[in-house]
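This is what each chain is made of:
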Amino acid sequence: MNLLAFFIRKALGGYIHPMNRPNTELPRKIEQERRIAVIGSGLAGLTAAITLARRGFQVTLFEKNAYLGGKIGAWPTHLPQGETQFVEHGFHAFFRHYYNLNNFLDSLGLRKTFRSIQDYQILALNGSQYRFTGVSKTPVLNLLSMRKTGVYHWGDILKNPRLAGLAAMLAFHPEKTFEKFDDVSYQTWSESLGLPPSMRLMFNSFSRAFFATPDRMSTAELLKSFHSFFLSHDGGLIYDYPTGDYETVFLAPLRLELNRLGVKVRLQTPVTELRQSQTNEGGGFVVNNEEFHQVVVASDAASTKALMSQNPWLEHSQFRQSLNSLRSSQGYAVLRVWLDSPVDPGADQLCDFIITEHQQILDSITFYHRFEPTAQQWAKKTGGNVLEFHSYALPDGLEESAVTKTFWNEACGYLPQLAQTHLVHSELQVKKDFTALHTGLYRDRPGVVTPFPGLFFAGDWVKLPRPAMLMEAAATAGLLAANSILSGYQLCEEALFSVPPKGVL
Ligand SMILES: Cc1cc2nc3c(=O)[nH]c(=O)nc-3n(C[C@H](O)[C@H](O)[C@H](O)COP(=O)(O)OP(=O)(O)OC[C@H]3O[C@@H](n4cnc5c(N)ncnc54)[C@H](O)[C@@H]3O)c2cc1C
């Protein structure tokens, strides 16, 4: 097996691939006064803003919300007994192959509170569950050893030659995969393969984590996700997660760093005006009436489309077409609940974060009272529990008022004690700001560099030269935008890395 693992690693060219070769002879800091506007303070905006400010640029960060962080932001919620706790947009998994994000977080010491999930656990409605601790971490061998979990049997493959189509997972190619599969929905692809039920359950769970129902999810994006998360590195499916609320773990230290670097942070300041400067005095762009030399637009996909959907940007026909590909996915929901009595069967039975078989909305459950200090203290004091439910793709037409009840009813199927408890407090978010990874959108997706010199895009929706998704895509795009600006001034770029660009086949 060791020899096989050696050859697989070799076939992939190693697991960590440099994306650029920074010229370390070049200066690191800018000498002139150069003003940069960064629009949006999610991970993409933060990585761009902090990287450029560290290199001596004068950065202004515009954010429409009252808090930093975008989808890793946090805000206070007030419990009936008077306590205040922070809630986030939702539990996030930080994978070990998020090379650029992890390097950025490490540069600020932000991974110190992280702990590793015990297992990747999927619960089925019939009471069975799939766990992946024993699965090999070597790409390809992990697929073979997954047989031990019961997800598939050799008989399934021998009886159904159509399953040979799964080889597309191992043959990921940045262009060919999209040419062949971007117009095919995951549902159509999985039906054409005749996946056995347990494999379908696993693939469905994976696909929904990208905020799209199977009938809309692009098969090419899903194949990219299999490649990025499972078949291109030896980190396995195990990931890390912060053991504090995101205000304490991320936002407070990030604010300190922005402050130390002199970044002007404008919260509650939506950018409504972005245009090229007519005067060219001191800058190339006007953002909310201020002049800047360069701009990084790091707002979410739909907000970016709205901001850019005015002349003269739209006069550029190719650019107009690429803006058209930017859409929000279906709505998603996150519900944090404070319960008056325990429902948790214990960490020996269920991991801190579990994936559930989809019925109508419930996709995952997180046991916050186990690891988040304020939730832990509250649970200790009251004898209750603090949980979070996620739905990554709400059915169209489901009323917001029905979301809490539907979560509750479905969760009772996995946590029977829930039916006996009462809600002390809850915090519900129903949003529609996630990038659509739907069929047919990839071809026109814009990249970091736009046709307008000095204007860059960053976010998890940007087309990248290497496979990366979700938070790693956001951080990589932000750093690529920063690198484009650095190289424009003949400054040394930041070193960036990725998983192997292509699959093993
Ligand atoms: C519930 C949930 C769970 C998730 N779980 C995971 C996970 O486990 N692992 C993972 O890798 N990823 C996960 N993600 C995805 C991850 O959060 C995102 O991919 C990433 O944070 C996106 O960062 P971003 O900077 O591209 O965008 P965003 O975080 O959306 O940031 C964009 C920012 O722009 C601001 N903005 C928009 N318009 C304007 C304007 N006109 N002016 C000024 N500001 C503006 C917004 O307010 C926002 O702050 C999850 C997301 C959600 C919602």
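Scoring rules and cut-offs
Residues numbered from 1 in each chain as written. Predicted model: local features only at pLDDT ≥ 70, side-chain atom pairs only at ≥ 80, totals over all residues. Heavy atoms only, no water. Helix = DSSP H or I, 4+ residues; strand = E, 2+ residues; numbered from the N terminus. Expected span 1.5 Å × (residues − 1). Buried < 20%, exposed > 50% of the residue type's maximum accessible area, 1.4 Å probe, protein only. Contact = heavy atoms within 4.5 Å. Domains from an automatic or database assignment. Buried area = accessible area lost by both parts, 1.4 Å probe. Salt bridge = Lys/Arg side-chain N within 4 Å of Asp/Glu carboxyl O. Nonpolar A, V, L, I, M, F, W, Y, C, P; charged D, E, K, R; others polar. Near = heavy atom within 4 Å. Polar contact = N/O pair within 3.5 Å; in protein donor to acceptor, adjacent residues only side chain to side chain. Areas by Shrake-Rupley, 256 points an atom, 1.4 Å probe, with all protein chains shown as cover. Axes fitted to C-alpha atoms, helices over the stretch in contact; angles between N-to-C directions. Parallel < 35°, antiparallel > 145°, perpendicular 65-115°, else oblique. Left-handed = near helix turned anticlockwise from the far one by under 90°. Pairing = 2+ DSSP bridges.

So, on to helix α8 (residues 197-208). Side chains three or four residues apart in an α-helix point the same way, a direct result of the helix having 3.6 residues per turn. With 12 residues, α8 should reach 16 Å at 1.5 Å per residue; the first-to-last C-alpha distance of 16 Å fits that figure. For α8, a buried count of 9 out of 12 residues is recorded, marking the element as mostly surrounded by other parts of the structure. Looking at α8, one finds that the buried residues are Ser-198, Met-199, Leu-201, Met-202, Phe-203, Ser-205, Phe-206, Ser-207 and Arg-208. Residues of α8 that are buried sit in contact with β8 (121-123), β9 (129-131), α7 (186-193), α9 (219-230) and β17 (353-356).

Moving on: the domain arrangement of the protein chain. Per the domain assignment, the segments of the protein chain are domain 1 (15-70 + 257-326 + 445-498), domain 2 (77-117 + 239-245 + 329-431) and domain 3 (139-230). Inter-centroid distance (C-alpha atoms) of domain 1 to domain 3 is 34 Å. On the side of domain 3, 9 residues touch domain 1, which itself brings 6 residues to the contact. Here domain 1 meets domain 3 over a buried area of about 640 Å², counting both sides, of which 77% is carbon and sulfur. Among the residues of domain 1 in contact with domain 3, Pro-467, Met-469 and Leu-470 are the three that bury the most area, contributing 77% of the side total. Along the contact surface separating domain 1 from domain 3 lie 1 salt bridge. By residue class, the composition of the side of domain 1 that touches domain 3 is 5 nonpolar, no polar and 1 charged.

Around the ligand, the structure places 34 residues, and the nearest of them are Glu-63, Lys-71, His-92, Tyr-98 and Asp-460. Within the backbone of Ala-44, a nitrogen or oxygen atom sits 3.0 Å from an oxygen atom of the ligand. Contact with the protein chains removes 95% of the 1000 Å² of surface that the ligand exposes when unbound. Elements with a contribution of two residues or more to the shell around the ligand: α2 (43-54), β16 (332-339) and α15 (470-488). Per element, the largest residue contribution to the shell around the ligand is 3 residues, and it comes from α15. Both domain 1 (15-70 + 257-326 + 445-498) and domain 2 (77-117 + 239-245 + 329-431) contribute no fewer than three residues apiece to the shell around the ligand.

Attention now goes to the packing of α2 against helix α3 (residues 99-107). The geometry of α2 relative to α3 is characterised by a closest axis approach of 12 Å and an angle of 55 degrees between their N-to-C directions. As judged from the angle between their axes, α2 and α3 are oblique. Classified by chirality, the crossing of α3 by α2 is left-handed. For the pair formed by α2 and α3, the contact residues are Leu-43, Leu-46, Thr-47, Ile-50 and Arg-54 on the first element and Leu-101, Phe-104 and Ser-107 on the second. Each residue belonging to the contact of α2 with α3 can be placed in one class, and the counts come to 5 nonpolar, 2 polar and 1 charged.

Right, let's talk about the environment of Phe-497 for a bit. As for its position among the elements, Phe-497 is in strand β22 (residues 497-498). The class of Phe-497 is partly exposed, set by a relative accessible area of 25%. Residues Phe-497 and Met-19, spaced 478 residues apart in sequence, show a C-alpha to C-alpha distance of 5.0 Å. For Phe-497, the contacting residues outside a window of four places in its chain are Ile-16, His-17, Pro-18, Met-19, Tyr-99, Asn-100, Asn-103 and Glu-472.

The next thing to look at is the sheet that holds strand β7 (residues 114-116). Here 3 strands make up an open sheet; going across it, the order is β6-β10-β7 and the pairing antiparallel. Since the sheet does not close on itself, it has two edges, and those belong to β6 (94-95) and β7, each with one partner. Note that β7 and strand β10 (residues 239-242) share 3 bridges and pair antiparallel. When the sheet's bridge partners are listed, Ser-116 is paired in β10 with Asp-240. Each of β6, β7 and β10 touches helix α10 (residues 246-260); the most contacted strand, β10, lies at about 85 degrees to it.

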